[in-house]
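Remarks on the overall topology
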Amino acid sequence: MRILVTNDDGIHATGLTELARALCRVGEVLVVAPERQQSAGGHAITLHKPLRLDPVALPDAGCPAYATNGTPADCVVLGCLAFPAPPDLVVSGINAGANMGEEVLYSGTASAAMEAAINGVPAFAISVTAYSDCIYEPAAGFAVQLAQHLSEVRLPPDCFLNVNVPNCPVEEIGGVSVTRLGRRSYVNELSRREDPHGRAYYWFTGEAAEIDSGPGTDIGEVAANRISVTPVHFDLTSYSHIESLDETIGRLRLEAPGGK
Ligand code: MN
């Protein structure tokens, strides 16, 4: 099995090295990752500047590695097209910090896996739920098991798996739950400050407010010290509203501007 490993924390992130090294036990691993931090960069792709693919020595990873000046989604496209054979599996991570609920929409880690799914390549994104003092071993171990499983059982089309692993020793993890996305909206606040020249600058701040975090959600299961695996589909259509909106918006008719 050929496995493409990428991330959004950048080529020098510890989680990337840990993931690549673990997956070498399952297949032939190739790393293509952004040259610098791209967290919360979402699903952007690069269309207006040339992309570079520079070989990088990652001795601890034990596999070939390339850094790009592109985004996580670019890394997946490059990894699928720039090498003699496309990968059989794309794995994105191990991200430092959870990606749950609507964070999936902002996450470069999840977006890389989604880009793979769009291109018909099985994929999963994997994150640990801490930004510092990360414990990567349980996530790396689970990534190996999941990769092995996906070499035998194909994922449904158009979907990827979003995995969140509690940041604790493996013996404290209670098991694996297949979940739905919860909701953890951020209360956005703006901190306005002034630079030494008197010009204003702004930082986003604010705290997460949990809206839907019960049992069966990614947030709830991770809080219960279980590994959360959410199947994510990129079709954002709100199917339950099509019929009622067709009764109202669907009946609007075009009129000439300023018409009677
Ligand atoms: Mn990240």
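You'll find the structure just up there.
Report follows, based on the coordinates. Since the model is a prediction, treat every value here as computed from it, not as a measurement.

Here we come to the overall build of the protein chain. Summing up its helical and strand segments, the protein chain has seven helices and 13 strands in all. Expressed as lengths along the three principal axes of its C-alpha atoms, the size of the protein chain is roughly 70 × 50 × 40 Å. For the protein chain, the residues scored as buried account for 46% of the 260 residues in total. In the protein chain, the share of contacts with a sequence separation of at least 24, taken over all contacts with a separation of at least 6, comes to 76%. Of the roughly 14100 Å² of accessible surface on the protein chain, a fraction of 54% belongs to carbon and sulfur atoms. Computed over 17 positive and 31 negative side-chain charges, the separation of the two mean positions in the protein chain equals 7 Å.

Within the protein, the atoms that donate to the manganese ion are D8 (OD), D9 (OD), S39 (OG) and N95 (OD1), at distances of 2.1 to 2.2 Å. Positions of the donor residues of the manganese ion, expressed as sequence spacing, correspond to D-D-x29-S-x55-N. Placement of S39 in the loop between strand 2 (28–34) and strand 3 (53–56) and of N95 in strand 5 (residues 89–96) is noted, with a sequence separation of 56 residues between them.

With that settled, consider the sheet that holds strand 6 (residues 123–128). Here we have nine strands laid out as an open sheet, ordered 3-4-2-1-5-6-7-13-8, and mixed in their pairing. Each edge of the open sheet is held by one strand with a lone partner, namely strand 3 and strand 8 (176–178). Across the sheet, the mean angle from the axis of one strand to that of its neighbour is 25°, orientation sign disregarded. Across the sheet, helix 1 (residues 14–23) is in contact with strand 1 (2–6), strand 2, strand 5 and strand 6; its angle to strand 5 comes to roughly 140°. Along the sheet, helix 2 (residues 72–81) contacts strand 1, strand 2, strand 3, strand 4 (65–68) and strand 5; its crossing angle with strand 1, the most-contacted strand, is approximately 155°.

For the rest of this paragraph, the subject is the pattern of salt bridges. Evaluation of the coordinates by the stated rule reveals nine salt bridges. With a shortest N-O distance of 3.3 Å, E35 and R36 are connected by a salt bridge. According to the relative accessible area criterion, E35 is partly exposed, its value standing at 33%. With a shortest N-O distance of 3.9 Å, E194 and R192 are connected by a salt bridge. Comparing E194 with R192 shows no difference in burial state: the two are exposed.

Calculation rules
- Residues numbered from 1 in each chain as written.
- Predicted model: local features only at pLDDT ≥ 70, side-chain atom pairs only at ≥ 80, totals over all residues.
- Heavy atoms only, no water.
- Helix = DSSP H or I, 4+ residues; strand = E, 2+ residues; numbered from the N terminus.
- Buried < 20%, exposed > 50% of the residue type's maximum accessible area, 1.4 Å probe, protein only.
- Contact = heavy atoms within 4.5 Å.
- Areas by Shrake-Rupley, 256 points an atom, 1.4 Å probe, with all protein chains shown as cover.
- Lys, Arg positive; Asp, Glu negative; His and termini not counted.
- Charge placed at Lys NZ, Arg CZ, Asp CG, Glu CD.
- Donors = N, O, S within 2.8 Å, 3.2 Å for Na, K, Ca; no water.
- Pairing = 2+ DSSP bridges.
- Axes fitted to C-alpha atoms, helices over the stretch in contact; angles between N-to-C directions.
- Salt bridge = Lys/Arg side-chain N within 4 Å of Asp/Glu carboxyl O.

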